[in-house]
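# Per-entry structural report
As a plain string of letters, each chain reads:
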Amino acid sequence: MVDPKRRASENVEGAWFVDTTCIACDACRQCAPTIFREHRDGSSSVMRQPRSDDDKADATRALLACPVGAIGKERMAGEGPVKITGLYPHALEPGLWYCGYNSPKSYGGNAYVVETHAGLVMIDAPRFVANVVDFITAHGGLRAILLTHGDDIGDSDRYAERFGAPVYLHEADAPRAPFASSSWPRALADDVTLLETPGHTRGSVMFAVRDLLFTGDSLAWSRDAQRLMAFDDACWYSWSEQRRSLANLVARDVRFRFVLPGHGQRHATSADDNRRLLQDLVARM
């Protein structure tokens, strides 16, 4: 639980703060990049106190997303409690939601829910919380849970048990989630394309749904460089395989508009732009 006594010295003065238990997962900066900043060690602090209603909603999403509860807000005179109702899952566009409530089991990785013809599908998994459970229940339950790799399983086992949903994980990463299966859910054959992308881990995959690409920890958007990136400092299996996997996406002409990573910034642009950006990334690797 966040502790004002551990308030990091880098925070600007005001009610909102990050304490020294921050694990540098970047989730808060994805939610509220104008409120939180990054330091050399990857940790975060508040660089500007929220002012507008939108600011406060973004800061609260960051607070809820933090996997270790390192973000807090001190109660100011005349203020009520922080309002959290309706913030998560957060609709990114019709039929696509960011779950929030990032899990420490996934080192703060993002998880999503996406609508398919077969029903709702969860991509990776957040913490098991009532707000997400209630949302999924109201939308007819879960058809399947798809894991991009063995690092970001979150509470997928609990969601699977609650909704009776199969969990998919590539067999190469199977030891990380013994409750999962490497058998592809047949009901998703017409809605979801499985793309094997070894590199970050041996069993890393991506999932394409329409023009949405769920990339796990294999591909993300760099806020600083304003281009696609891969994590050479967090490549647990093979960097050369990582490059080959991304080059194969270009060779196969995989078309995608929205990059939705587990770690790193999400970003939407045209499919043509993303093809060019991916070619540029492969050339730099």
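To start, this report covers the structure provided alongside it. (Residues numbered from 1 in each chain as written. Predicted model: local features only at pLDDT ≥ 70, side-chain atom pairs only at ≥ 80, totals over all residues. Heavy atoms only, no water.)

The five strands lie next to each other as β11-β12-β13-β16-β17, forming an open sheet whose pairing is mixed. Every interior strand has two partners, whereas the edge strands, β11 (192-196) and β17 (267-268), have only one. Both β11 and strand β12 (residues 205-209) contribute to a ladder of five bridges, which runs antiparallel. Bridging from a neighbouring strand, T193 pairs with A208 of β12. (Pairing = 2+ DSSP bridges. Helix = DSSP H or I, 4+ residues; strand = E, 2+ residues; numbered from the N terminus.)

Now for the state of the cysteines. On inspection of all chains with the given rule, the structure shows zero disulfides. Of the cysteine sulfurs around C28, a residue in no disulfide, the closest is that of C22, at 6.2 Å. Take C28: its relative accessible area is 8%, and that puts it in the buried class. (Disulfide = S-S within 2.5 Å. Buried < 20%, exposed > 50% of the residue type's maximum accessible area, 1.4 Å probe, protein only.)

So, on to the nonpolar core. With 63 residues, the main nonpolar core has F36, M122, L142, I145, L146, Y159 and F214 as its most contacted residues. Not counting residues within four places of it along the chain, the set of residues in contact with F214 comprises L96, Y112, V114, I123, T148, M206, F207, V209 and L260. (Core = buried A, V, L, I, M, F, W, Y, C linked by side-chain atoms within 4.5 Å. Contact = heavy atoms within 4.5 Å.)

This next bit is on the environment of L281. Tracing the backbone through its elements, the reader meets L281 in helix α6 (residues 271-284). As a C-alpha pair, L281 and D26 span 255 residues in sequence and 21 Å in three-dimensional space. Setting aside residues no more than four positions away along its own chain, L281 makes contact with L219, L228, M229, A230 and L246.

Turning to the packing of aromatic side chains, a few remarks are in order. Considering all chains together, one arrives at nine aromatic pairs under this definition. Aromatic ring contacts, followed pair by pair, group Y88, Y98, Y101, Y112 and F214 into a single cluster. One cation-aromatic arrangement involves R162 over F163; the distance from NZ or CZ to the ring centre is 4.8 Å. Above the ring of Y98, the side-chain terminus of R266 is found at 4.7 Å from the ring centroid. (Phe/Tyr/Trp six-rings, centres within 6.5 Å; stacked < 30°, edge-to-face > 60°. Lys NZ or Arg CZ within 6 Å of the ring centre and 35° of its normal.)

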